Amino acid sequence: MGTLTELFAPDRIAVVGATAREGSIGRAVTDNLLSAFDGEVVPVNPNYEEVLGLSCVDEIGEAAADMAVIVVPPKIVIPALEQTGEAGVENVVVITAGFGETGGDGASRERELKEIAAEYDLNLVGPNSLGIMSTANGMNASFGPDSPEAGNMSFMSQSGAFITAVLDWANDEDVGFKDVASLGNKAVLDETDFIDHWGDDPDTDVIIGYLEGISQGREFIDTAREVTQDTPIVLVKSGRTDAGAQAASSHTGTIAGSEQAYEAGLDQAGVLRAESVQGLFDAAQMLANQPVPENNDIAVITNAGGPGVMSTDAVGDSGLEMASFEQATLDTFSEQLPPEGNIYNPVDIVGDADVERFSEALDIALADDNVGSAMVLSCPTAVLDYEQLAEETVKMREKHGKPVAACFMGGESVDASAGILNEAGIPNYFDPSRAIGALDSLWEYRGIQQREYETPADFDVDQEAAREILERVEERGDNRLGVEAMGLLDAYGIPTPDGDIVDSPEDARAVAEEIDGDVVMKIVSPDILHKSDIGGVAVGVADDEVADTYETLITRARNYQPDANLLGVQVQEMADLDAGTETIVGMNRDPQFGPLLMFGLGGIFVEVLEDTTFRVAPVSETEAREMTEEIKTAPLLRGARGRDAADIDGIVETIQRLSQLVADFPAIMEFDINPLVATPDGVDAVDIRLTVDPENL
């Protein structure tokens, strides 16, 4: 595929399936194009000589077009697309539904569509798309009822209905767009292609979108990371409560679902995630029109004590802080404000404040180096002219070059002033918490811009040894591996206690005698996942007790599950649990994002406390270290309550090495190291569990 510039800036558009029939999609698309498009429109339909006053051609090869919009019935789309490719038209929007979303024949048609698009290297939007729009040239190549107003945001959505609803609202609110794209089924072009294009578009200052899924998660992350250095991306992702339920056999698989993958992936991509449509546009409008703050300290100027307290609460729920003013600022406030006013933040300039007092107070606050942003919070009074206040607010924002949000509370009395503010790129909110949330998005974006993305480490590992161990699943009727696969960790340089797996009491004794001190003994069976629950683990076994303990463990396992596949007993050096902390490092392979790493408190508490954090692999050292800092129980690792600090560097390296392992072998579907015991002297992977897809080996 080539650049998408011509997709949004064609000179001549062919509407394949154009018709004058009332109520038809073909007519709606043609009508919309004729309404304002700067270029030429050519109807393609062998059944008509003309459509809506335009001369018709029988096939697209006669149209000499550089873009095609296909609105023919589903069964005709494939031959129409073939003709489009043969005619050399590289940019195509397939509005027709009846493809992969319907299953069966539709899915087969979509596969054919992809093959043709690949053969002719087409930039194809859809199928099942509302269409695309661009205000730069008046192009509305959709069957939506409204055309957008011009603006500096570009908008994509998997839901065409969502686009029509948003445009209806946006036109009432004077919110404009540069480009709009209905993604449809994303058979060819997907969200990553559009953010890549808009990231290079000088007329797009913010990218926003509504997504139900992301097609290629890792590619999306890598692309978005580059784009967000200059252009913010704000998305609403539906399905937050979807746990991604599946038949999972590992702790990570049980805990990690699609929501965790999206949360981690979008964060790693530098994408701002909005929880609602309102939040989406609150953030987008602020990001599109305001400077990025130098710090996260905010000043609130208000004529109403109650709303001022509300704003303080909202700041407490955000990543912002209430600014502490310099002494010179406090002295100036003391001179300028009435005695009953409050010179501290939030600054209460009292209910009788006029525009001049508001303007002076805002000027004083924004001049303070401790203040990164400000909010003007006002309730209507008889002495306050909202339109003049709006003009002064704009003037102060321009004077100081710092972001300012407005919260002019009221009804019709606010309308004219809101228009003045909006024209200057200052959104007005009735609710102080929305204004704070929007400013918080600016501060969050500043952090995204300052990120430095490291390349993940490439450790010297033994891939062939690892592959041989994974291939063992092909020799058995089970795709699960346990401690019998500890060699995987050795191959990737992850420390493990001394030990071995044996299938006789005599061998158990021999292994134990090679290990200093008492040993731990565990049943080894892919069919028995929770060994401690059935008495399948013995701790602190002396050498002279090893043989008898072996027999006991085997008997318990057979009594618990007679048909279990018993591979033997693991005899292992004891980890120092008193001096260490049990953690878990795991992975669950997400359908969209691929390997999703998990880190948290381990042992028997992992599924009870679920104190975990996630990243999409592969991860850098910085990302791995962040994982050790994000869990609630992180103080335990750092040495809380007089404990010695654990070897956090060892944990970080283990996360990186597991990240490399699961990236190297897509056949690994789930993987747990639980526990990974972290002591002051190092880490030991005591137990593992994984599932493997033999077809991907």
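Scoring rules and cut-offs
Residues numbered from 1 in each chain as written. Predicted model: local features only at pLDDT ≥ 70, side-chain atom pairs only at ≥ 80, totals over all residues. Heavy atoms only, no water. Helix = DSSP H or I, 4+ residues; strand = E, 2+ residues; numbered from the N terminus. Buried < 20%, exposed > 50% of the residue type's maximum accessible area, 1.4 Å probe, protein only. Contact = heavy atoms within 4.5 Å. Phe/Tyr/Trp six-rings, centres within 6.5 Å; stacked < 30°, edge-to-face > 60°. Lys NZ or Arg CZ within 6 Å of the ring centre and 35° of its normal. 1 Å grid on protein atoms, 1.4 Å probe; cavity = no way out; pocket = protein on both sides within 12 Å on 5 of 7 lines; lining within 4 Å. Points joined across faces, edges and corners; volume = space filled by probe spheres on them. Core = buried A, V, L, I, M, F, W, Y, C linked by side-chain atoms within 4.5 Å. Salt bridge = Lys/Arg side-chain N within 4 Å of Asp/Glu carboxyl O. Pairing = 2+ DSSP bridges. Axes fitted to C-alpha atoms, helices over the stretch in contact; angles between N-to-C directions. Nonpolar A, V, L, I, M, F, W, Y, C, P; charged D, E, K, R; others polar. Disulfide = S-S within 2.5 Å. Polar contact = N/O pair within 3.5 Å; in protein donor to acceptor, adjacent residues only side chain to side chain. Parallel < 35°, antiparallel > 145°, perpendicular 65-115°, else oblique. Patch = residues over 30% accessible without salt bridge, like charges linked within 9 Å, V, L, I, M, F, W, Y side chains within 5 Å. Areas by Shrake-Rupley, 256 points an atom, 1.4 Å probe, with all protein chains shown as cover. Lys, Arg positive; Asp, Glu negative; His and termini not counted. Charge placed at Lys NZ, Arg CZ, Asp CG, Glu CD.

**Describing the overall build of the protein**
Phase 1: Along the backbone of the protein there are 24 helices and 32 strands.
Phase 2: The principal-axis extent of the C-alpha atoms belonging to the protein is close to 90 × 80 × 40 Å.
Phase 3: Looking at the 697 residues of the protein, the share that counts as buried comes to 55%.
Phase 4: Once local pairs closer than 6 in sequence are excluded, the contacts in the protein between residues at least 24 apart make up 72%.

**Description of the packing of aromatic side chains**
Phase 1: Tallying each qualifying case throughout the model produces 12 aromatic pairs.
Phase 2: When the ring of tryptophan 169 is compared with that of phenylalanine 281, the centres are 4.8 Å apart and the planes differ by 55°; the resulting orientation is tilted. With a gap of 112 residues between them, tryptophan 169 in helix H5 (residues 160-173) and phenylalanine 281 in helix H10 (residues 277-289) connect regions that are remote in the sequence.
Phase 3: Given the relative accessible area of 35%, tryptophan 169 is considered partly exposed.
Phase 4: The exposure class of phenylalanine 281 is buried, given its relative accessible area of 2%.
Phase 5: Through successive ring pairs, a cluster of aromatic residues spans Phe155, Phe162, Trp169, Phe177, Tyr210 and Phe281.
Phase 6: The ring of tyrosine 262 has lysine 237 sitting right over it, with the charged end atom 4.2 Å from the ring centre.
Phase 7: The positively charged end of arginine 657 is found above the aromatic ring belonging to phenylalanine 459, 4.1 Å away from the centroid.

**Points about the layout of surface pockets**
Phase 1: Its volume calculated, the second largest pocket comes out at about 640 Å³.
Phase 2: As for the second largest pocket, its lining consists of 27 residues, of which Arg273, Ala274, Glu275, Gly437 and Ser441 are closest to the centre.
Phase 3: Taken together, the elements giving at least two residues each to the lining of the second largest pocket come down to helix H9 (258-269), strand E16 (272-274), H10 and helix H16 (432-449).
Phase 4: A total of 8 residues in the lining of the second largest pocket trace back to one element, the largest contributor, which is H16.

**Remarks on the nonpolar core**
Phase 1: One finds Leu7, Ile132 and Phe194 to be the most contacted residues of the largest nonpolar core, which totals 49 residues.
Phase 2: Examining the composition of this core, we find that 5 residues originate from one element, H9, more than from any other.
Phase 3: In this structure, isoleucine 132 is in contact with Leu7, Phe8, Met67, Val93, Val125, Met139, Asn140, Ala141, Ser142, Val180 and Ala181, ignoring residues within four places of it in sequence.
Phase 4: Val483, Met587, Ile655 and Ile668 belong to the second-largest nonpolar core, a separate cluster that totals 46 residues.

**Focus: the pattern of salt bridges**
Phase 1: Scanning the entire structure with this criterion turns up 25 salt bridges.
Phase 2: Here arginine 225 and glutamate 623 are joined by a salt bridge, their closest N and O atoms 2.7 Å apart. Highlighted residues: arginine 225 in helix H7 (residues 217-227) and glutamate 623 in helix H22 (residues 621-630), separated in sequence by 398 residues.
Phase 3: Residue classification places glutamate 623 among the buried residues on the basis of a relative accessible area of 9%.
Phase 4: For aspartate 282, the salt bridge goes to arginine 434, with nearest N and O atoms at 2.7 Å.

**Focus on the sheet that holds strand E24 (residues 519-524)**
Note: strands within a sheet are paired through backbone hydrogen bonds, in either parallel or antiparallel orientation.
Phase 1: The strand order E23-E26-E24-E25 describes an open sheet built from 4 strands, whose pairing is antiparallel. A single partner strand is all that each edge strand has here, and the edge strands are strand E23 (499-502) and strand E25 (537-541). For this sheet, the mean inter-axis angle between neighbouring strands, taken without regard to orientation, is 20°.
Phase 2: One ladder, built from 4 bridges, connects E23 with strand E26 (residues 568-573); its direction is antiparallel. Looking at E26, one finds that glycine 499 is bridged to glutamine 572.
Phase 3: Each of E23, E24, E25 and E26 is contacted by helix H20 (residues 546-560), which is oriented at about 30° to E24, the strand it contacts most.

**A closer look at empty space enclosed by the protein**
In this approach a probe as big as a water molecule rolls over the atoms, and the regions it shows empty are the leftover space.
Phase 1: Here the structure, examined in full by the defined rule, presents 1 cavity of 30 Å³ or more.
Phase 2: Elements with a contribution of two residues or more to the lining of the largest cavity: helix H13 (355-367) and helix H14 (386-400).
Phase 3: Its residues placed into classes, the lining of the largest cavity shows 5 nonpolar, 2 polar and 1 charged.

**What about the state of the cysteines?**
Phase 1: For the coordinates displayed, the defined rule picks out 0 disulfides.
Phase 2: For the unlinked cysteine cysteine 407, the closest cysteine sulfur is that of cysteine 379, found at 7.8 Å.
Phase 3: Residue classification places cysteine 407 among the buried positions, given a relative accessible area of 0%.

**Digging into the side chain of threonine 19**
Phase 1: Among the structural elements, threonine 19 can be located in the loop between strand E1 (12-16) and helix H2 (25-36).
Phase 2: Polar contacts involving the side chain of threonine 19 include one to the side chain of tyrosine 48, which spans 3.1 Å.
Phase 3: Excluding its chain neighbours within four sequence positions, the residues that come into contact with threonine 19 are Ser24, Gly26, Arg27, Asn45, Tyr48 and Val51.

**Here's the deal with the packing of helix H3 (residues 74-86) against helix H4 (residues 105-120)**
Phase 1: Where H3 meets H4, the axes come as close as 10 Å, and the angle between the chain directions of the two elements is 5°. Taken as axis vectors, H3 and H4 run roughly parallel relative to one another. Between H3 and H4, the contacting residues are Pro74, Lys75, Val77, Ile78, Leu81, Glu82, Gly85 and Glu86 on the first element and Arg109, Glu112, Leu113, Ile116, Glu119 and Tyr120 on the second.
Phase 2: Counted by class, the contact of H3 with H4 contains 7 nonpolar, 1 polar and 6 charged residues.

**Things to note about a negative patch on the surface**
Phase 1: A surface patch of negative charge is lined by Asp500, Asp503, Glu506, Asp507, Asp518, Asp544, Glu545, Asp548 and Glu551.
Phase 2: For the negative patch, the secondary-structure elements that each account for two or more residues are helix H19 (505-513) and H20.
Phase 3: Structurally, the position occupied by aspartate 500 is in strand E23.
Phase 4: Its relative accessible area of 44% is what places aspartate 500 among the partly exposed residues.

**Re the sheet that holds strand E9 (residues 139-142)**
Phase 1: Overall, mixed pairing links the 7 strands, which are arranged E9-E8-E13-E11-E14-E15-E16 in an open sheet. Edge positions in the sheet fall to E9 and E16, since each has one partner strand and no second. Direction aside, neighbouring strands of the sheet carry axes that sit 15° apart on average.
Phase 2: For strand E11 (residues 153-157) and strand E14 (residues 206-211), the ladder comprises 5 bridges, and the chain directions are parallel. Within the sheet, the bridge partner assigned to serine 154 lies in E14 and is isoleucine 207.
Phase 3: Docked against the sheet, H9 engages strand E15 (233-237) and E16, running at close to 135° with respect to E16.

**With respect to the pairing of E26**
Phase 1: Counting buried positions over the 6 residues of E26 gives 5, a clear majority of the element.
Phase 2: Judged from the 6 bridges that link them, E24 and E26 form a sheet pairing that is antiparallel. Considered in E26, the bridge of valine 524 is made with glycine 568.

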